[in-house]
Amino acid sequence: MFQIFVEDANESFACAADKNVLKAMEKLGRKGIPIGCRGGGCGICRVQVIGEGNYHTGKMSREQVTEEDEKKGICLACKLFPESDLQLKVLGKWQKQFITDTVSDN
Amino acid sequence: MSFTGVMRPGHVAIRVLDLAEAVEYYVERVGLIKTDEDKQGRVYLKAWDELDCFSLVLREADSPGIDFMGFKVHKQSDLDEFEGKLKEYGQNVERMPANELNKCGERVRFDSPSGHTFELYAEKEHFGDGLGRLNPNPWPEGLKGMQVHRFDHCLLYGSNAIGTVNLFREVLGFDLTEQVLNPDGEIAAAFLSCSNKAHDIAILEHAEPGKLHHISFMLMTWEEVLRAADLMSMHDIPIDIGPTRHGITRGQTIYFFDPSGNRNEVFCGDYTWYPDREPITWMPEELGKAIFYHDRKLNENFLGVVT
């Protein structure tokens, strides 16, 4: 079991080595990282691993995470598997929707 | 009743991050049948109640999403006629040769204002539904997973969605069945039909072009929809919303994701569309009820998560 600390939300939760960080957060009913497709495709759960930390990632959409991103520790939480305690910064990809933008303006 | 021109959605080609995982999911969980695989590594699948040999094409790629959506037209001459009209309308049009997609005839491929690629075709090899055309039984034994009946429609997100809506209405002869308006009174989402169905395609205005919101498969009853939801939990398939009902089209639905993050839908129920009906309008303040009839409030995931 590893501890995952989500900086922006000041949240901390446990994650097993064989579980992805997003799923661990979801199952514990915690929040902090936005939840999207959970398959590495949509980019909503984009995070950056900061500080020391070992991890590996599953295949993620190259449209959402480039090779450059990966070198900086940027990945999708739904494909992030911890090998040590991790500290995360939430980057997200939340695009304001045309409709919600205009509706919420009302 | 007569069908002329475009008859129905015929196929959708999507990208997946892991082909083997995707094939297992669409066969074992969704219940599609794998019918072919080509030299490029594309896999062809069909739903059991379809007669043509494929309606879903998968190819492995670095990012998920939709490559193109194809519609079947009634006659070969429709193909020639639409090709001319699409060119006249200003779209980039090309003819894909027969068998470029295995066992599919020539396709007229065209681009669209929303950044999506579409195709029209008149011929595809028959595969059958396992029941034959002579004194058939009502369903085949041995179906797997959700046992979806057919690939029903796509909801596509793109910039200049109205451009594609107009293209489908003016050139391809689709009817507007339902529209969602924005506060300026313009169409933000349109549901279009080329048949008796409440929709064969839907398009929603979005910041980026060429995006896929979901591919939809049809079931017959609320019981089947609930059973599909049970299967999702049994196999840890991520659910987006549902089981619930849409205000738009009245469909009883679940949204969920394939292993690459492409959103799927299974649904049942709509109403019968005829060209002499007036379209339905949804005002922006009722968008919650339009999409989630029971929740009656907007869900950011539904509007923001696309591939």
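Up top you'll find the structure we're talking about.
The rules we used
Residues numbered from 1 in each chain as written. Chains lettered and ligands numbered in written order. Predicted model: local features only at pLDDT ≥ 70, side-chain atom pairs only at ≥ 80, totals over all residues. Heavy atoms only, no water. Helix = DSSP H or I, 4+ residues; strand = E, 2+ residues; numbered from the N terminus. Buried < 20%, exposed > 50% of the residue type's maximum accessible area, 1.4 Å probe, protein only. Contact = heavy atoms within 4.5 Å. Areas by Shrake-Rupley, 256 points an atom, 1.4 Å probe, with all protein chains shown as cover. Lys, Arg positive; Asp, Glu negative; His and termini not counted. Charge placed at Lys NZ, Arg CZ, Asp CG, Glu CD. Salt bridge = Lys/Arg side-chain N within 4 Å of Asp/Glu carboxyl O. Core = buried A, V, L, I, M, F, W, Y, C linked by side-chain atoms within 4.5 Å. Phe/Tyr/Trp six-rings, centres within 6.5 Å; stacked < 30°, edge-to-face > 60°. Lys NZ or Arg CZ within 6 Å of the ring centre and 35° of its normal. Polar contact = N/O pair within 3.5 Å; in protein donor to acceptor, adjacent residues only side chain to side chain. Pairing = 2+ DSSP bridges. Buried area = accessible area lost by both parts, 1.4 Å probe. Axes fitted to C-alpha atoms, helices over the stretch in contact; angles between N-to-C directions.

**Q** When you look at the overall build of chain B in this model, what are you seeing that I'm missing?
**A** Within chain B, the secondary structure is distributed over 6 helices and 17 strands. Principal axes of the C-alpha set define a box for chain B whose edges measure 50 × 50 × 45 Å. Burial analysis of chain B (307 residues in total) assigns 59% to the buried set. Counted over contacts in chain B with a minimum sequence separation of 6, partners at least 24 positions apart contribute 67%. Total accessible area on chain B is roughly 12,500 Å²; 46% of this is exposed by carbon and sulfur atoms. Between the centroid of the 31 positive side chains of chain B and the centroid of its 50 negative side chains there is a distance of 3 Å.

**Q** When you look at the pattern of salt bridges in this model, what are you seeing that I'm missing?
**A** Two side chains of opposite charge can pair, provided their charged atoms sit close to one another. Residues and elements named next belong to chain B. Overall, the coordinates contain 28 salt bridges over all chains when judged by the stated rule. For Arg-42, the salt bridge identified is with Glu-100, shortest N-O distance 3.3 Å. Here the residue Arg-42 occupies a position in the loop between strand S2 (33-37) and strand S3 (43-46), and Glu-100 occupies one in the loop between strand S6 (93-96) and strand S7 (107-110), the gap between them amounting to 58 residues. When its relative accessible area of 8% is taken as the criterion, Arg-42 is described as buried. Assessed through its relative accessible area of 23%, Glu-100 is described here as partly exposed.

**Q** Whenever I open this one, unusual backbone geometry confuses me. Can you help?
**A** With the exception of glycine, most residues fall at negative phi, and the peptide bonds are largely trans. All names here are of chain B. The peptide bond linking Gly-242 to Pro-243 adopts the cis configuration, its omega dihedral lying at 0 degrees. Assignment of secondary structure puts Pro-243 in strand S14 (residues 239-245). Unlike most non-glycine residues, Asn-99 shows phi in positive territory, near 70 degrees. Of note in this structure, Gln-147 is not a glycine but carries a positive phi near 55 degrees. Secondary-structure assignment places Gln-147 in the loop between strand S8 (118-121) and strand S9 (150-158). In this structure Gln-147 comes out as partly exposed when scored by relative accessible area, which is 27%.

**Q** What is the right way to look at the nonpolar core in this model?
**A** In a soluble, globular protein the nonpolar side chains are often hidden away together inside. Residues and elements named next belong to chain B. Within the largest apolar cluster, 62 residues are counted, with the highest numbers of intra-cluster contacts made by Tyr-26, Leu-58, Leu-120, Leu-172, Ile-201, Ile-215 and Val-266. When residues of this core are assigned to their parent elements, the largest contribution, 6 residues, is made by helix H1 (residues 19-29). Non-local contacts of Val-266, meaning those with residues more than four positions away in its chain, are made with Met-146, Val-148, Phe-217, Leu-219, Ala-228, Met-232, Gln-252, Thr-253, Ile-254 and Phe-256.

**Q** Where do I start with the packing of aromatic side chains in this structure?
**A** Centre distance and the angle of the planes are the two values used to describe a pair of aromatic rings. Residue and element names in this part refer to chain B. For the structure shown, the criterion picks out 10 aromatic pairs over all chains. Ring pairing ties together the aromatic residues Phe-71, Phe-110, Phe-118, Phe-168 and Phe-174, which thus form one cluster. Note that Arg-109 overlies the ring of Phe-68, its terminal NZ or CZ placed 4.5 Å from the centroid.

**Q** Is there a simple way to think about H1 of chain B in this case?
**A** Residue pairs three or four apart in sequence face the same way in an α-helix, which turns once every 3.6 residues. Residues and elements named next belong to chain B. Buried within H1 are the following residues: Leu-19, Ala-22, Val-23, Tyr-25, Tyr-26 and Val-27. One side-chain oxygen of the residue at the start of H1 lies 3.2 Å from the amide nitrogen of Ala-20, identifying that residue as Asp-18. Positioned one or two residues after H1, Gly-31 has a phi angle of 95 degrees, which is positive.

**Q** In this structure, what is going on with the pairing of strand S4 (residues 56-60) of chain B? I would like to understand it.
**A** In the case of a regular strand, side chains alternate between the two sheet surfaces. Relative to S4 of chain B, strand S1 (residues 6-16) of chain B runs parallel, the two sharing 5 bridges. Residue pairing for S4 of chain B: Val-12 of chain B is matched across the bridge by Leu-56 of chain B.

**Q** Is there a simple way to explain the interface of chain A and chain B in this structure?
**A** Many descriptions give the size of an interface as the accessible area lost when the pieces come together. Listed by partner, the interface residues are 26 residues for chain A and 34 residues for chain B. Here chain A packs against chain B, burying approximately 2,500 Å² in sum over the two surfaces, 56% of which is carbon and sulfur. Summed over the shared surface of chain A and chain B, the number is 2 salt bridges. Notably, a salt bridge pairs Asp-236 of chain B with Lys-23 of chain A, separated by 2.6 Å at the nearest N-O pair. There are 7 residue pairs in polar contact (both at pLDDT 80 or more) connecting chain A and chain B. When residues in the side of chain A that touches chain B are grouped by element, the largest group, 5 residues, is from helix H3 (residues 98-104) of chain A.

**Q** Please clarify how the sheet that holds strand S7 (residues 86-90) of chain A should be interpreted in this entry.
**A** Hydrogen bonds along the backbone pair up the strands of a sheet, which may run parallel or antiparallel. Residue and element names in this part refer to chain A. The strand order across the open sheet formed by 5 strands is S2-S1-S7-S3-S5, and the pairing between neighbours is mixed. Looking at strand neighbours, the two that pair on one side only are strand S2 (11-15) and strand S5 (74-76), the edges of this open sheet. The sheet shows a mean angle of 35 degrees between the axes of neighbouring strands, taken without regard to direction. Where strand S1 (residues 2-6) lies against S7, 3 bridges are found, and the strand directions are parallel. Looking at S7, one finds that Val-6 is bridged to Leu-88.

**Q** In this structure, what is going on with the sheet that holds strand S10 (residues 175-181) of chain B? I would like to understand it.
**A** Residues and elements named next belong to chain B. Spatially, the 9 strands line up as an open sheet ordered S14-S15-S16-S13-S9-S12-S11-S10-S17, and their pairing is mixed. Taken across any chain shown, the strands that pair with only one partner, and hence form the sheet edges, are S14 and strand S17 (280-282). The sheet shows a mean angle of 15 degrees between the axes of neighbouring strands, taken without regard to direction. Contacts from helix H3 (residues 161-170) reach S9, S10, strand S11 (187-193) and strand S12 (201-205), with the element oriented near 150 degrees to S12. Packed onto the sheet, helix H4 (residues 222-234) meets S14, strand S15 (252-257) and strand S16 (263-268) and runs at close to 20 degrees relative to S15.

**Q** What should I look at first to understand the pairing of S15 of chain B in this one?
**A** Residues and elements named next belong to chain B. In terms of burial, S15 is a largely internal element, 6 of the 6 residues being buried. Residues Gln-252, Ile-254 and Phe-256 of S15 are buried on one face, and the alternating residues Thr-253, Tyr-255 and Phe-257, pointing to the opposite face, are buried as well. Relative to S15, S14 is paired through 4 bridges, and the arrangement is antiparallel. Looking at the pairing, Ile-241 lines up with Tyr-255 of S15. In this antiparallel pair of consecutive strands, S14 and S15, the connection spans 6 residues, and Thr-249 shows a positive phi of 70 degrees. Looking at chain direction, S15 and S16 are connected through 6 bridges and run antiparallel.

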